[in-house]
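Report on the structure
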Protein chains: 2
Amino acid sequence: MQTKKFDFSRQSVQYYFDASFSDLKSIAPQAKTIVITDEHLFAAHAKKFKGWKTIVLKPGEQFKTQATVDSVIEQLINLGADRQTMLVGVGGGVITDLTGYIGSIFLRGVAFGFVPTSLLAMVDASIGGKNGIDVGVYKNMVGTINQPRFLLYDAGLLKSLPETEWRNGFAEIIKHAAIKDAAMFKQLESASLKRFQKNKPDVQALIKRNALIKTKVVLNDEFEKNERRLLNFGHTLAHAIETQYGLTHGEAVAIGMVFASGLSEELLGFRHHNRLTKVIEQYSLPTELSFDRQKVFDVLRSDKKKEADFMNFILLEKIGKAIIQKIPLNTLFNYL
Amino acid sequence: MQTKKFDFSRQSVQYYFDASFSDLKSIAPQAKTIVITDEHLFAAHAKKFKGWKTIVLKPGEQFKTQATVDSVIEQLINLGADRQTMLVGVGGGVITDLTGYIGSIFLRGVAFGFVPTSLLAMVDASIGGKNGIDVGVYKNMVGTINQPRFLLYDAGLLKSLPETEWRNGFAEIIKHAAIKDAAMFKQLESASLKRFQKNKPDVQALIKRNALIKTKVVLNDEFEKNERRLLNFGHTLAHAIETQYGLTHGEAVAIGMVFASGLSEELLGFRHHNRLTKVIEQYSLPTELSFDRQKVFDVLRSDKKKEADFMNFILLEKIGKAIIQKIPLNTLFNYL
């Protein structure tokens, strides 16, 4: 186990890399901790949850809603949770988003930590303190930015991860490479999903590299005034199509990246649109989708990143270097 | 108008004392502002709201719930609110609590400010960044601590304030005197509700004095680790009886203060239990209530201030000096 501590503006976060779920006991006092997880994970890792007070949720993004929050709060009250209670979210991004949000509002805030169980959550969703729930078709419309106390990384949990979840994780890994790490981009080009799945040390190193990329960006700009927006590369369109077209987050981001990369080519003369498209295909992610232009545009217009008549869009100058560009809504509509 | 700026840990708050509602235009840009108020205020001050985008809620603590939050968020989406939107809560504590909470979670946080319209909101509820909603019988079970950008004080708004609301305000004013300001306590003893109601400069001075007492306590301890707890004097019991017995907040706090004062006499030899009881009566507030001991205790046990088997209770050593005392739940039950 390797520990690293990062000081965010309101909270220090302890990272436990190359750790094991069983280390949780020494991090979160069992008597004062309530674990939040989902039915799949609870069934798949029944033994691990023994001895922990656990709230088990239905799995899936469709339950990342206020109704679930209401139900968890009721259960917390029934379990006698108080201000000394620590919540630990064990799961993918839906579980860490819900746990972080509930931890931020229950009793006006209690301590919480995460054990991300999906590749996506390990390299992205569990990092940086953003939490929240969806409101209708609008993703993460409600939430806070509030850091967890800790992140515990156990790559062993990936053993039972479905193929589609591996791809979701790689969508964000490719994103990190595209906006921040040209060397990792080359590494991804020369490797494959299979190779990472078979090689635990490689995947552990990849997780750590990506966790640190995201952490560094968030440390520079926790409340998303500047640099943190770069992490939205591919996400603006993704948020508009994901729910409407029943895509996984990774699929939506992959399509969003191809769209933003094409826009980069058109507006900035970005020269590696094909390379990016190819690496996305290489990790079994989609690169296009036929969608209802007006419907998608209507959701785009309600995006959190919108300001009056233009949108802050993330474009690529080159592999490893992204910029924020204000794009008029009209231009965006035409390009769709 | 007199302005004062206080720097809280995450946010500076501008106080506009002796101001007028019409000053709001120069503080909150009308085009980017959405006002949140209730039906009573909207009807009573129709002219003032002209030109402001306004969300009008049903009045009363029974609407300080998640259902109202859901409805406001839907309206914000429909109004095209974005991250540059500022919410302004114009109302009593229910409206400022809701506005602060929604401002803290909508789009992971937007700017918000308050125009408190009740005496209680002016001297207490709108100050200090605590916001939230009730969950069933549990008051403020969910919320955040997040400061507004500004507080605008217009004592003219008190003209239409119902008598019972004046009393609610004085419950908190008496509390401030009891825990922090012996001189103000004497002033209250020698004055009366009527005299303050008739004299605008006196009430303005009283509002400012009380706003500054609370502000100073919160500045010292924004996240309620120590000193801020003193402001809970009278409130632990109050929260347990208010909803169950259909009391106003002021009535519940008054009864809670008498209870805590009696406990102070018993446990600390506090010598002014009678003086405190008398001044509470003088401002037309109740000093006792017959309640179901077990039922009240059950709610008390779920209070946010509870830690395992004891409660942090606020007691008085003397007028103007309060302390935090850990009291075993058993002792508390017996004294009820």
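Residues numbered from 1 in each chain as written. Chains lettered and ligands numbered in written order. Predicted model: local features only at pLDDT ≥ 70, side-chain atom pairs only at ≥ 80, totals over all residues. Heavy atoms only, no water.

Per an unreviewed UniProt entry, chain A goes by the name 3-dehydroquinate synthase and belongs to Paraflavisolibacter caeni. Taken verbatim from the UniProt record of chain A, the Function (unreviewed entry) comment is "Catalyzes the conversion of 3-deoxy-D-arabino-heptulosonate 7-phosphate (DAHP) to dehydroquinate (DHQ)." (UniProt positions renumbered as here; feature names shortened; annotations may be inferred.)

A tally of helices and strands in chain A yields 14 helices and 12 strands. Relative to the globule expectation of 20 Å for 336 residues, the C-alpha radius of gyration of chain A, 19 Å, shows essentially globular dimensions. Dimensions along the principal axes, computed over C-alpha positions, put chain A at roughly 55 × 40 × 35 Å. Looking at chain A residue by residue over its 336 residues, the buried ones come to 58%. Within chain A, contacts between residues at least 6 apart in sequence are counted, and of these 69% link residues at least 24 apart. As displayed, chain A has an accessible area near 13100 Å², and 48% of this comes from carbon and sulfur atoms. Of the charged side chains in chain A, 44 are positive and 35 negative; the average position of the first set lies 5 Å away from that of the second. (Helix = DSSP H or I, 4+ residues; strand = E, 2+ residues; numbered from the N terminus. Rg over C-alpha atoms; globule rule 2.2 N^0.38 Å. Buried < 20%, exposed > 50% of the residue type's maximum accessible area, 1.4 Å probe, protein only. Contact = heavy atoms within 4.5 Å. Areas by Shrake-Rupley, 256 points an atom, 1.4 Å probe, with all protein chains shown as cover. Lys, Arg positive; Asp, Glu negative; His and termini not counted. Charge placed at Lys NZ, Arg CZ, Asp CG, Glu CD.)

A few words on the relation of the copies chain B and chain A. Look at the two chain copies: a rotation about an axis and a shift along it is all it takes to match them. Each copy superposes on the other: chain B lies on chain A with an RMSD of 0.0 Å after a rotation of 180° and an axial shift of 0.0 Å. In symmetry terms, the pair is related by a two-fold rotation axis. (Least-squares fit on C-alpha atoms with pLDDT ≥ 70 in both.)

With that settled, consider the pairing of strand S4 (residues 53-57) of chain A. Relative to S4(A), strand S3 (residues 33-38) of chain A runs parallel, the two sharing 5 bridges. In the sheet register, A:Val35 faces S4(A), and the bridge partner there is A:Thr54. (Pairing = 2+ DSSP bridges.)

All names here are of chain A. For strand S6 (residues 111-116), the tally of buried residues reaches 6 of 6 residues, placing the bulk of the element in the interior. Burial along S6 is two-sided: the residues Ala111, Gly113 and Val115 and Phe112, Phe114 and Pro116 are all buried. When strand S5 (residues 86-91) meets S6, the two strands line up parallel, connected through 6 bridges. Residue pairing in the sheet places glycine 91 in a bridge with proline 116 of S6.

Right, let's get into the pattern of salt bridges. Residues and elements named next belong to chain A. As enumerated under the stated definition, the model contains 28 salt bridges over all chains in all. Between lysine 180 and glutamate 227 there is a salt bridge; the shortest N-O distance is 2.9 Å. Within this pair, whereas lysine 180 is found in helix H6 (residues 163-180), its partner glutamate 227 is found in the loop between helix H9 (200-220) and helix H10 (235-242), the two being separated by 47 residues in sequence. Owing to a relative accessible area of 35%, lysine 180 belongs among the partly exposed residues under this scheme. Each of the salt bridges in this network shares a partner with another, and the network as a whole consists of Glu61, Lys64, Asp97, Asp134, Lys139 and Glu242. (Salt bridge = Lys/Arg side-chain N within 4 Å of Asp/Glu carboxyl O.)

Residue and element names in this part refer to chain A. On domain assignment, one finds that chain A holds domain 1 (2-160) and domain 2 (163-335). The straight-line distance from the C-alpha centre of domain 1 to that of domain 2 is 25 Å. Tallying the contact residues gives 31 residues for domain 1 and 32 residues for domain 2. When domain 1 packs against domain 2, the two sides together hide about 3000 Å² of surface, and 66% of this comes from carbon and sulfur. If you sort the residues of domain 1 by the area they bury against domain 2, Leu119, Val123 and Lys139 come out on top, with a joint share of 21%. For lysine 130, the salt bridge is made with glutamate 224, and the minimal N-O distance between the two is 2.4 Å. The tally of links between domain 1 and domain 2 comes to 9 residue pairs in polar contact (both at pLDDT 80 or more). Elements represented by at least two residues in the side of domain 1 that touches domain 2 include exactly strand S1 (2-7), strand S2 (12-17), helix H5 (119-125) and strand S8 (138-142). Per-element tally for the side of domain 1 that touches domain 2: the top contributor is H5, with 5 residues. (Domains from an automatic or database assignment. Buried area = accessible area lost by both parts, 1.4 Å probe. Polar contact = N/O pair within 3.5 Å; in protein donor to acceptor, adjacent residues only side chain to side chain.)

Before going further, it helps to spend a moment on the environment of B:Val56. Residues and elements named next belong to chain B. Of note, valine 56 is situated in strand S4 (residues 53-57). Along the sequence, valine 56 and valine 35 sit 21 residues apart, while their C-alpha atoms lie 8.4 Å from each other. For valine 56, the contacting residues outside a window of four places in its chain are Thr37, Asp38, Glu39 and Phe42.

With that out of the way, let us pick up unusual backbone geometry. Phi is positive for A:Glu224, which is not a glycine, with a value near 55°. With respect to the helices and strands, the residue A:Glu224 is situated in the loop between H9 and H10. Under the relative-accessibility criterion, A:Glu224 is labelled buried at 7%. A positive phi angle, near 50°, is found at B:Asp18, a position not held by glycine. As for its position among the elements, B:Asp18 is in the loop between strand S2 (12-17) and helix H1 (24-27).

Another aspect to go through is helix H7 (residues 182-190) of chain A. Residues and elements named next belong to chain A. For H7, every residue scored as buried is listed here: Met184, Phe185 and Leu188. For H7, the angular spread of the buried residues around the axis is 105°, confining them to a single face. The outward face of H7, more than 90 degrees from its buried face, is lined by the exposed residues Ala183, Lys186 and Ser190. Along its buried surface, H7 packs onto H6, helix H8 (193-198), H9 and helix H12 (273-282). (Arc of directions from axis to C-beta.)

All names here are of chain A. Axis separation between H6 and H9 bottoms out at 11 Å; the angle between their running directions is 55°. On the basis of the axis angle, H6 is oblique to H9. As for how H6 packs across H9, the hand of that crossing is left-handed. Here Trp166, Phe170, Ile173, His176 and Lys180 of H6 lie close against H9, whose contacting residues are Val203, Leu206, Asn210, Ile213, Lys214 and Val217. In terms of residue class, the contact of H6 with H9 is made up of 7 nonpolar, 2 polar and 2 charged. (Axes fitted to C-alpha atoms, helices over the stretch in contact; angles between N-to-C directions. Parallel < 35°, antiparallel > 145°, perpendicular 65-115°, else oblique. Left-handed = near helix turned anticlockwise from the far one by under 90°. Nonpolar A, V, L, I, M, F, W, Y, C, P; charged D, E, K, R; others polar.)

Turning our eyes to something else, we now look at the UniProt feature "domain: 3-dehydroquinate synthase N-terminal" (unreviewed entry) in chain A. Taken from the UniProt record, the annotation "domain: 3-dehydroquinate synthase N-terminal" (unreviewed entry) applies to residues 55-167 of chain A. Between the first and last C-alpha atoms of residues 55-167 of chain A the distance is 28 Å; the span itself is 34% helix and 23% strand.

Take the nonpolar core next. In this structure, A:Phe106, A:Phe170, A:Leu188, B:Phe106, B:Phe170, B:Leu188 and B:Tyr283 are the most contacted members of the largest nonpolar core, which totals 199 residues. In this structure, B:Phe170 is in contact with B:Leu119, B:Leu188, B:Leu193, B:Phe196, B:Leu206, B:Tyr283 and B:Leu285, ignoring residues within four places of it in sequence. (Core = buried A, V, L, I, M, F, W, Y, C linked by side-chain atoms within 4.5 Å.)

Here the focus is helix H12 (residues 273-282) of chain B. All names here are of chain B. Every buried residue belonging to H12 is among His273, Leu276, Thr277, Val279 and Ile280, and all of these are buried. Down the axis of H12, the sector holding all buried residues measures 165°, keeping them to one side. Looking at H12, the residues exposed on the side facing more than 90 degrees away from the buried face are Asn274 and Lys278. Positive phi appears at serine 284, one or two residues downstream of H12, with a value of about 60°.

Residues and elements named next belong to chain B. With respect to the element layout, glycine 92 can be found in the loop between strand S5 (86-91) and helix H4 (93-105). Owing to a relative accessible area of 16%, glycine 92 belongs among the buried residues under this scheme. Linking glycine 92 and valine 115, residues 23 residues apart in sequence, is a C-alpha distance of 8.6 Å. Sequence-distant contacts of glycine 92, defined by excluding residues within four places in its chain, comprise Leu41, Thr117, Ser118 and Ala121.

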